Every structure is written in C-alpha cells, then in structure tokens.
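# Geometric and topological summary
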Amino acid sequence: MTVQADPDTHEQTACVAQGIAAAESYCLDHKLQFTAVRRRVLEHLLVEHRALGAYEILDRLREEGLGKQPPIAYRALDFLVEHGFAHRIERLNAFVACGSPGRSHSPVFLICRKCKRVVETTAAVVADKVLGEAAKSNGFAIHNAVVEAEGTCTTCVSDTDLPEKAT
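Summary of the structure given here.

Calculation notes
- Numbering of residues starts from 1 in every chain and runs along the sequence as written.
- In view of the model being predicted, local features appear only for residues whose pLDDT reaches at least 70, and side-chain atom pairs are presented and counted only at 80 or more, with totals across whole chains, interfaces and linings using the full set of residues.
- Water and hydrogen atoms play no part in the side-chain values, which are based on all heavy atoms of the structure.
- Strands are runs of DSSP state E lasting at least two residues, helices are runs of H or I lasting at least four, and both sets are numbered from the N terminus onward.
- Whether a residue is buried, partly exposed or exposed follows from its accessible area with a 1.4 Å probe, protein chains only, as a fraction of its type maximum: under 20%, in between, or over 50%, in that order.
- A contact between two residues is defined here by any heavy atoms of the two lying within 4.5 Å.
- Note on areas: Shrake-Rupley with a 1.4 Å probe; residue coverage comes only from the protein chains shown.
- By convention, a stacked pair of Phe, Tyr or Trp rings (six-membered ring in the case of Trp) has centres within 6.5 Å and planes under 30 degrees apart, an edge-to-face pair has planes over 60 apart, and any other such pair is tilted.
- Only lysine NZ and arginine CZ atoms are considered, and such an atom sits over a ring when it is within 6 Å of the ring centre and within 35 degrees of the ring normal.
- The span you would expect from a helix comes to 1.5 Å times its residue count less one.
- If DSSP finds at least two bridges between two strands, the strands pair.

## Topic: the overall build of the chain
- Counting secondary structure elements, the chain contains five helices and five strands.
- Overall, the chain shows an N-to-C arrangement of helices and strands of α-α-α-α-β-β-β-β-α-β.
- A total of 167 residues make up the chain; the buried ones form 35% of that total.
- Considering only contacts within the chain whose residues lie at least 6 apart along the sequence, 53% involve residues at least 24 apart.
- Total accessible area on the chain stands at roughly 10,300 Å², and carbon and sulfur atoms take up 53% of it.

Put into structure tokens, the structure is as follows:
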C-alpha cells in the first residue's frame, strides 16, 4: 500500500521537482507537449496536497498571466488526468496530483470533510478482491476502479469525531 506523503513532514521542493520531472520525462517519451500552463497546473496540485477546483486553478493562472478563460484550466486538467498525473475527485468536483504517476493502480482517496485535504492510497484488496468478485459474479469486467472515502484527517480530528469506545 502506498500513501501520499503527509504535507507537514515531507520535503515539498523535492516532491514538486519529482512530479514535474516525471511529467517532463513522460511527455518527452510520448512526444507530447508539456506546456507552461500544464506545468503550472501540475505544480499547483503538487504543492497543495488537497483538491483544487478548476475555477480555483483558473484564478491562480489568471493571477500569473497564463489564462483568463475556463477552457485553459480544463484543457490542462484533462491532459494531466488522461496521462496519469492527476485525478479527478468526483465527490468534490476537484483535482489532485497523482501520488503514483506512471504506475497502473486503483486509487483510494481519503477526503477530509473539514479541510478538504486528500490523501491517495492504493487498495488492491478492495479493487481486486471485493469489487472484482462482485463484478465477476455479475458478469462484469472492471477496467478502472476509484474509491472515495470521506472522514476527518489527523489534523482536523477532535474527540467529538472519534467513535465511542465500548466499556
């Protein structure tokens, strides 16, 4: 199981540099353009470690002089999702950088309902066993599975969020 690094305890500069380097290498290998806008959108996602909406990204691009119209942000996000450098979080209608770019995986997203921080982890057991068995018994073949779980992160958790202990 891989877990996206805790933003409070990892080296932010290295994280961003590794993510950008992976995207540059992938684009070079696949003869794709890694434009300035695509780069900046990925950098914003890598820095934040939380889901960002397209309009929030557009606002940042606008402040940087990189675009004013929504298609600018959506095209960059579509590219990053299509090529595995970002994920769309359906629950939040927002996007996060991929914690395992370039690797085939079934992501599980742990979404904090308070701060909206998103942690990506993989759960092969969920995708392969539970969902796989359910799909097979119903004559269905899964090609992609994404799980989104909402809760409270350790930074936001309080005693009132914890389940009561049985005595």
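And the narrative resumes.
## Some details on the packing of aromatic side chains
- Overall, the coordinates contain two aromatic pairs when judged by the stated rule.
- Ring geometry for Tyr-55 and Tyr-74: centres 6.3 Å apart, planes at 80°, overall edge-to-face. Here the residue Tyr-55 occupies a position in helix 3 (residues 54-63), and Tyr-74 occupies one in helix 4 (residues 70-82), the gap between them amounting to 19 residues.
- In this structure, Arg-38 packs its charged tip against the face of Phe-79, placed 3.7 Å from the ring centre.

## A short note on the environment of Leu-32
- In this fold, Leu-32 is placed in the loop between helix 1 (12-29) and helix 2 (36-48).
- Separated by 47 residues in sequence, Leu-32 and Phe-79 have C-alpha atoms that sit 10.0 Å apart.
- If we skip the residues at most four places from it in the chain, Leu-32 touches Tyr-26, Cys-27, Phe-79 and His-83.

## Some remarks on helix 2
- The first and last C-alpha atoms of helix 2 sit 18 Å apart over 13 residues, in line with the 18 Å expected at 1.5 Å per residue.
- Considered for burial, the residues of helix 2 that qualify are Val-37, Val-41, Leu-42, Glu-43, His-44, Leu-45 and Leu-46.

## Here's the deal with the pairing of strand 3 (residues 107-112)
- In terms of residue burial, strand 3 counts as a mostly covered element, since five of its six residues are buried.
- Of the pairings in the sheet, the one linking strand 3 to strand 4 (residues 118-122) comprises five bridges and is antiparallel in character. When the sheet's bridge partners are listed, Pro-107 is paired in strand 4 with Thr-122.
- The turn linking strand 3 back onto strand 4 is made up of five residues, and Lys-116 within it adopts a positive phi angle of 70°.
- Where strand 3 lies against strand 5 (residues 147-151), five bridges are found, and the strand directions are parallel. Paired with Leu-110 across the strands is Ala-149, a residue of strand 5.

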